[in-house]
Number of protein chains: 2
Amino acid sequence: MAKTADRYFKTDPWKIIEDGFDPAYSEVSESVFSLGNEYMGVRGYFEEGYTGASMTGSYFNGIYEQDIHKKSGYKGITNVTEFMVNSVNWLYTRICFEGETLDLAASCISSFQRTLDLRNGVLTRSLIWKTQSGKEIAVLFERFLSMQNPYIGCQKIRLQPIGFDGEIRIHAGLDASGQHKAYEKNFWRNAACETGRDFVSLMAQTVSTGQRVYSGCRFSGDILREEDEIVSAKTVEKVYILPLRNRQNTEINRIALNYVCKEPTEEAVRVFTGKCLAAEQASGQLHYETIKEDSTAWWTNVWEHSDITIEGDVLNQQGIRFCIFQMFQTYHGAVAGDNIGAKGLTGEAYNGNAFWDTETYCLPFFIFNDMQAAKSLLIFRYVTLPEAMERAKELDCDGAFYPIATISGKECCNLWQHASLQLQASTAVAYGIWLYEKYTGDRDFMRECGMPMLIEISRMLATRGSYTADGTRYGYYGVMGPDEFQMMVNHDCYTNYMARFTLQFTIDQLSRFTAEEPEHICDLRRQWNVSEREESNWSQMIRQMYIPYDERTGLFEQQEGFFSLPHIDVDSIPIEEFPLYHHWTYDRIYRNDMIKQPDVLMLMLLFNGSFTQEELRANYEYYEPRCIHESSLSPSVHSILANQLHKTEEAYDFFKFATRMDLDNYNRNTCEGLHTTSIAAAWMNIVYGFGGMRSDGEMLCFQPSVPKEWRSYSFRIVYHGDVIIVTVNSETATFVKKSVSEYCADTKLHVMIYGRETVLAEEPVTVDIPGEWKA
Amino acid sequence: MAKTADRYFKTDPWKIIEDGFDPAYSEVSESVFSLGNEYMGVRGYFEEGYTGASMTGSYFNGIYEQDIHKKSGYKGITNVTEFMVNSVNWLYTRICFEGETLDLAASCISSFQRTLDLRNGVLTRSLIWKTQSGKEIAVLFERFLSMQNPYIGCQKIRLQPIGFDGEIRIHAGLDASGQHKAYEKNFWRNAACETGRDFVSLMAQTVSTGQRVYSGCRFSGDILREEDEIVSAKTVEKVYILPLRNRQNTEINRIALNYVCKEPTEEAVRVFTGKCLAAEQASGQLHYETIKEDSTAWWTNVWEHSDITIEGDVLNQQGIRFCIFQMFQTYHGAVAGDNIGAKGLTGEAYNGNAFWDTETYCLPFFIFNDMQAAKSLLIFRYVTLPEAMERAKELDCDGAFYPIATISGKECCNLWQHASLQLQASTAVAYGIWLYEKYTGDRDFMRECGMPMLIEISRMLATRGSYTADGTRYGYYGVMGPDEFQMMVNHDCYTNYMARFTLQFTIDQLSRFTAEEPEHICDLRRQWNVSEREESNWSQMIRQMYIPYDERTGLFEQQEGFFSLPHIDVDSIPIEEFPLYHHWTYDRIYRNDMIKQPDVLMLMLLFNGSFTQEELRANYEYYEPRCIHESSLSPSVHSILANQLHKTEEAYDFFKFATRMDLDNYNRNTCEGLHTTSIAAAWMNIVYGFGGMRSDGEMLCFQPSVPKEWRSYSFRIVYHGDVIIVTVNSETATFVKKSVSEYCADTKLHVMIYGRETVLAEEPVTVDIPGEWKA
């Protein structure tokens, strides 16, 4: 846990500010200033062109290419890797004055400031360009993505000459000729460029997946004249001349319409083409400022029901708002069938693949902030159930085996030791369904989507596991649990426990449908194709599922035999040997009792109420010292549990860099993209950690406390259609229920506060913080 | 074990005969009719060219190319695969008559017969070619490799026109333009072709390893005139006209001189070039028939001390002689630094890589047939000790970690689960040193080569293992034993046992040198760089080495936890699911108590005398039913042990296809090359199996019995410089000691026969077969 901050941005409660430009941070800034609206994402690159280090990334959710590896001689090992592909640069601009082109790597500039306003998602950049002839031009760039209409991105460039009159040339267009950074290749073909009056468009297809992207840009503003239009294979641009009048602003605005067609079917392409055409025709009616206002309103609403405030810690205040902002940028259920890549839409690392992080870390965020988004995430798994079933077949299992890494729903991890041994993506889906149903009671979803998924996952769990030779214990052999430092183990506690939970939840739901819809149950069972015999097999497995546990110590054994593994003192490992994957021979990592991230403790967070405080303490004190937290998701889980154990300093230590992981570039790889799923964990770290919220019981629970570093803090969650605002200082915690118009609200909300059932209404409820919860 | 014979060749006690040509078997025949002399090997392809299916393989021991794979992001995973490279075709010939070229895929032929005479290693092929003009020419091809001078290969072509006179054109030359079958590429560059009077030569270099091969051919015979010489980039040929006189033989002979230079150092290349030149100059003095006589004499000597005869079973008689022949063809210690590829020099499967098979299966054969060859095999490991030490470093170990697959000494297996987890190549080297020293008392070898290897292997074993958390047990975590169906296991019985043996043997040898050479021991310890402290660490590990064993049942547990693994009835697996690697998803293989090949039982063969008959029975009866014998080496081990347990029918069942695995193409992949290391196991199957020989005790032991399918059999071994001939029938076993001139013989040999010490001398000793050993 020896991580240090590399602080570059200015601190501000609502803004991310880069004051002055340091090229050494250019790619870090590109990541941090990424904009996204789930449908698309664009890194904070300099749209006017930049010859310094840059990952000029413009991405669309679910638009990907494939890397086809040499096929393994063994069965069930995928050889196709999907990766999010860098797409059309719809901000493409060049600014030329007296034969000189603005380029922050070469031009003489001053007064550089870049600001991302978290309140409305608008990114601005201002600078003064001193040209070679000694003239000065103040330049302001503004960009934002519409949150109301996710197909729209906007750009404004405002110029002001200081002390002279003249003209300036602006190239404004579209560029699909860029290279994907990691592959150093362009993945677009069949580009078709068109130009119209103050309009350019480009349509292109991905090379092997045949997906389509359309981008059309309408330009407006103080255009003096159009000088030229330049069309080449994968680029199209207008060349405009703008007037420069001393000390007066000249503007050019762009409204970009971006559409994708993920499926290359004839029908889909027809619909897509129609949409693009219609959008193009209607684009004349769009107004830059109106779009901005609408989008700002959208963000205002977000902050109204999802803000977290921290008094006395502006660093973490900025950090947590950045996190909340990123979560909504990345996902808000705009389009069914999208998922959340480990880096969101902010970079190319992890190939844009989604992992079990989605259900495990991101889903709770959305359940308590944006239920429609939560549902959409689960719909992704429902839509890709056929791929998961195909994958199960490849793995000689029945049912559905969800991929450990994916974009399209297919398994994209070609390391068999992860893709074939890790069952937690599948059980995380079951957990997600459980949590969603618990907080929505959405029986229609359960009937149509939830049950088919649960049944197929259960079916996989019933064929992937085995009974011991003597038939007394059921469990999973040759697996890797969430802790990726123990490989090919038997009876991994997490895996067995989650499987038991999944099978039980499926059976419970079958019973519930039988009770609730007795008239349909036969039809439903037929539709789901589940027999009573199968159900009874599952019951048998549940009864005999082996959960390695030592009654004497209260310790769950992470896997069979874990307790007798050779011990390693993780603190004795020299700092320069981290990350271990780079410094230790591969197999050496797996031969001792060191763990990479929580496994037993993860279980204790997910099903917190099922374990006693004593069990939690015993297991925390056993496993935490063995954990090296090599996953960025690990510290937050430990922070939450440490808080529950009143290990407040330890909790704060783990929390310290959660909210600012990317702002302070703790892992020194923010240049590759933001740690989007860790951002979700940072939110959990406050709400579940200091806020002490627990969502796994019959009733929502809170046991808030405040770290001694803070004066007070507050967080908001959306719960049963209301917003609950929790404000905590060192003495009291106050709970307010606030109705939000668009939701149908309960009049009274029952929650548990410090173990006591409490009814929340509009009137604030203030509770003294019990002694043991004081820092 | 449901394997069936695909019998194609004629049965004969001394010959392999192909009577009539079936193109469907052409590549199987190429493998079976391979010739080799350790230095080089050449498949039985048709040298006159053949447009049908062929792997036109000509190989040199230790001449290889590299396949460079994408580097893994993980440490210690090799990305370079070495493979034996197809080299110059030094038999290149074309036979043209009246514009027609002989091609067995197209020409009209009759009376085809091909014969490999195991007595002298001469391969002949005769046929009658009916040309398109209706003329008939009898053609005889003869080839052999010199066993006296391994650089020499010879070819004779004899032609006889039937009913006409005329002339015939023969193209005779060298061709380095052939493709490697698997890679479909030619791996030669810088080819330099030269021609002289009745002489052609070609020198070329491997593309990436820069090794050199020289081939020079001298032609003689009834050459009427030289018509032309054709030189292209990688081929050189003479075009000769030979006379055809009705019913008379016309001959052309070739003596090919082949030299390789494995190291591309300046000095090595100079020596090599000198050798080639000298050989070329002296080649005029070589005579085809003299070379043939010398080589025949070499083979006569082999059969004198290594023959096995079987009365009443001509199939196995032919089979075992083919095995013995192949062993000597593949290896006889001609050149230090050679090893034995899994397919010998007969094909490209397994990349020509050598495995632990060398020490485990082949070494015993050579120890009892050709001690110089046995020593050479160990010298290979000594010479490649630096590579093994380099490999240990890559794996974060001290000392030496011998590669699981290699040509040059470097690890060539890029599957980490084998290359990083399997320790048996290293411990097999220690076992080989032990066996060699036991039967030679070669203290010089021990001092110079054995000890350095043992110490470095011990050092690896002392860093690769760990103590349990409580410090009570030492052993190996995350390993794969010889049974490759259990991966990443802890305390594999075989691995722990072999490690204990290796550490103990090393310490014993240190003590012995201290006792034997007290005046040198300080120097020696300094030279070996081994401290007493290190030795005492090893002693500690030996004492605490955990050998999983159940006192109650007498069962050794293959690995910690094996007994509680889910059970699978291997007989219930449908036959069409084999081989499992092709039909089962990769990880599924590893999740039950099924084993691929002997692991505990292997130990019980290697250290047979250390286990009681009851232990052997218990373990055999437990493990054999769990074994699917997917390794071709497995049945012989089981046959030997079944015989010891008087399970004579079972023993014979396992033996059945051992000697004829390739002749009858049991695995249907003989086309890819012979199962050379299985051939060594077939020899063990008779000598250790039915002959009941044991070589791991203080004294050589025999407990012969005869399968009821045979009238009698005899085998010969070389032991302490004499040949022991053991002849067994259903009633008696007779032992004769026969002095062999080239060895310095003991006058009396002490051996154990059925547990009783017996002195062998020239006079035969006949012993009644005890009741329990009768079939």
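Notes on the structure follow. (Residues numbered from 1 in each chain as written. Chains lettered and ligands numbered in written order. Predicted model: local features only at pLDDT ≥ 70, side-chain atom pairs only at ≥ 80, totals over all residues. Heavy atoms only, no water.)

### Here we look at the interface of chain B and chain A
On the chain A side, the residues contacting the 40 residues of chain B number 40 residues. Taken together, the two surfaces of chain B and chain A that pack against each other cover about 3,300 Å², and 59% of this comes from carbon and sulfur. Looking at the side of chain B facing chain A, the largest losses of area belong to Tyr74, Tyr586 and Arg591 of chain B, adding up to 20% of the total buried there. A salt bridge links arginine 464 of chain B to aspartate 587 of chain A; its shortest N-O distance comes to 3.3 Å. In this assembly, chain B and chain A are joined by 14 residue pairs in polar contact (both at pLDDT 80 or more). Broken down by secondary-structure element, the contributors of at least two residues to the side of chain B that touches chain A are helix H8 (416-419), strand S21 (466-467) and helix H14 (580-583) of chain B. The residue inventory of the side of chain B that touches chain A, partitioned by class, reads 18 nonpolar, 14 polar and eight charged. (Contact = heavy atoms within 4.5 Å. Buried area = accessible area lost by both parts, 1.4 Å probe. Salt bridge = Lys/Arg side-chain N within 4 Å of Asp/Glu carboxyl O. Polar contact = N/O pair within 3.5 Å; in protein donor to acceptor, adjacent residues only side chain to side chain. Helix = DSSP H or I, 4+ residues; strand = E, 2+ residues; numbered from the N terminus. Nonpolar A, V, L, I, M, F, W, Y, C, P; charged D, E, K, R; others polar.)

### Focus: the relation of the copies chain B and chain A
Rotating chain B by 180° about the axis while translating it 0.1 Å along that axis superimposes it on chain A, leaving an RMSD of 0.1 Å. Within this description, the copies of the chain are treated as partners about a two-fold rotation axis. Measuring from the rotation axis to each C-alpha of chain B, the shortest distance belongs to methionine 488 of chain B, at 3.3 Å. When the interface residues of chain B are mapped onto chain A, 100% of them are again interface residues, pointing to one common binding face. (Least-squares fit on C-alpha atoms with pLDDT ≥ 70 in both.)

### Describing unusual backbone geometry
Working note: non-glycine residues mostly have negative phi, and peptide bonds are mostly trans. For the bond running from phenylalanine 578 of chain A to proline 579 of chain A, omega is -10°, close enough to zero to count as cis. Structurally, the position occupied by proline 579 of chain A is in the loop between strand S24 (555-556) and helix H14 (580-583). With a phi angle near 50°, asparagine 190 of chain B is a residue other than glycine that sits in the positive phi range. Tracing the backbone through its elements, the reader meets asparagine 190 of chain B in strand S14 (residues 188-196). One non-glycine residue, histidine 491 of chain B, lies in positive phi territory at about 55°.

### Quick notes on the packing of helix H18 (residues 648-655) of chain A against helix H19 (residues 676-690) of chain A
Residue and element names in this part refer to chain A. H19 packs onto H18 with a crossing angle of 165° between their chain directions and a minimal axis gap of 11 Å. Between H18 and H19, the angle is such that the two are roughly antiparallel. Regarding H18 and H19, the two cross each other, and that crossing is left-handed. Here Ala651, Tyr652, Phe654 and Phe655 of H18 come into contact with H19, specifically with Asn685, Ile686 and Phe690. In the contact of H18 with H19, the residues fall into six nonpolar, one polar and no charged. (Axes fitted to C-alpha atoms, helices over the stretch in contact; angles between N-to-C directions. Parallel < 35°, antiparallel > 145°, perpendicular 65-115°, else oblique. Left-handed = near helix turned anticlockwise from the far one by under 90°.)

### Quick word on the sheet that holds strand S1 (residues 15-19) of chain A
Residues and elements named next belong to chain A. Taking strand neighbours across the sheet as the criterion, the nine strands line up as S1-S9-S10-S11-S12-S19-S16-S15-S14 in an open arrangement whose pairing is antiparallel. At either margin of the open sheet sits one strand with a lone partner, and together these are S1 and strand S14 (188-196). Ignoring strand direction, the axes of neighbouring strands in this sheet form an average angle of 15°. In this structure, strand S15 (residues 199-206) lies alongside strand S16 (residues 212-221), joined through seven bridges in antiparallel fashion. For serine 201, the partnering residue across the bridge sits in S16 and is glycine 216. Across the sheet, helix H3 (residues 288-306) touches strand S10 (122-130), strand S11 (136-145), strand S12 (152-162) and strand S19 (250-261), and the angle it forms with S11 is around 55°. (Pairing = 2+ DSSP bridges.)

### Focus on helix H18 (residues 648-655) of chain B
Residue and element names in this part refer to chain B. Restricting attention to buried positions, one finds in H18 the residues Ala651, Tyr652, Phe654 and Phe655. Angularly, the buried residues of H18 cover 160° about the axis, an arc narrow enough to put them on a single face. Elements in contact with the buried residues of H18: helix H4 (314-330), helix H16 (613-623), helix H17 (634-644) and helix H19 (676-690). (Buried < 20%, exposed > 50% of the residue type's maximum accessible area, 1.4 Å probe, protein only. Arc of directions from axis to C-beta.)

### A word on the pattern of salt bridges
With the rule as written, the count across this model stands at 99 salt bridges over all chains. We note a salt bridge from aspartate 442 of chain A to lysine 375 of chain A, for which the minimum N-O separation is 3.6 Å. With a gap of 67 residues between them, aspartate 442 of chain A in the loop between helix H9 (424-440) and helix H10 (443-464) and lysine 375 of chain A in helix H6 (residues 371-383) connect regions that are remote in the sequence. The class of lysine 375 of chain A is partly exposed, set by a relative accessible area of 26%. Note that aspartate 593 of chain B and arginine 626 of chain B form a salt bridge whose closest N and O atoms lie 3.0 Å from each other. Highlighted residues: aspartate 593 of chain B in the loop between H14 and helix H15 (600-606) and arginine 626 of chain B in the loop between H16 and H17, separated in sequence by 33 residues. Given a relative accessible area of 2%, aspartate 593 of chain B falls into the buried group. A cluster of three or more residues bridged by salt bridges with shared partners is formed by Glu47, Glu48, Arg125 and Arg143 of chain A.

### A look at the packing of aromatic side chains
Evaluated as defined, the whole model comprises 141 aromatic pairs over all chains. A ring pair is formed by phenylalanine 655 of chain A and phenylalanine 690 of chain A, whose centres lie 5.1 Å apart and whose planes are at 80°; its orientation type is edge-to-face. You can see phenylalanine 655 of chain A sitting in helix H18 and its partner phenylalanine 690 of chain A sitting in helix H19, a full 35 residues away along the chain. Phenylalanine 690 of chain A matches phenylalanine 655 of chain A in its accessibility class, with the two residues each being buried. An angle of 90° between the planes, with centres 5.9 Å apart, marks the rings of tyrosine 183 of chain B and phenylalanine 187 of chain B as edge-to-face. With relative accessibility at 26%, the residue tyrosine 183 of chain B sits in the partly exposed group. Through successive ring pairs, a cluster of aromatic residues spans Tyr74, Trp416, Phe485, Tyr581, Tyr586 and Tyr590 of chain A together with Tyr74, Trp416, Phe485, Tyr581, Tyr586 and Tyr590 of chain B. (Phe/Tyr/Trp six-rings, centres within 6.5 Å; stacked < 30°, edge-to-face > 60°.)

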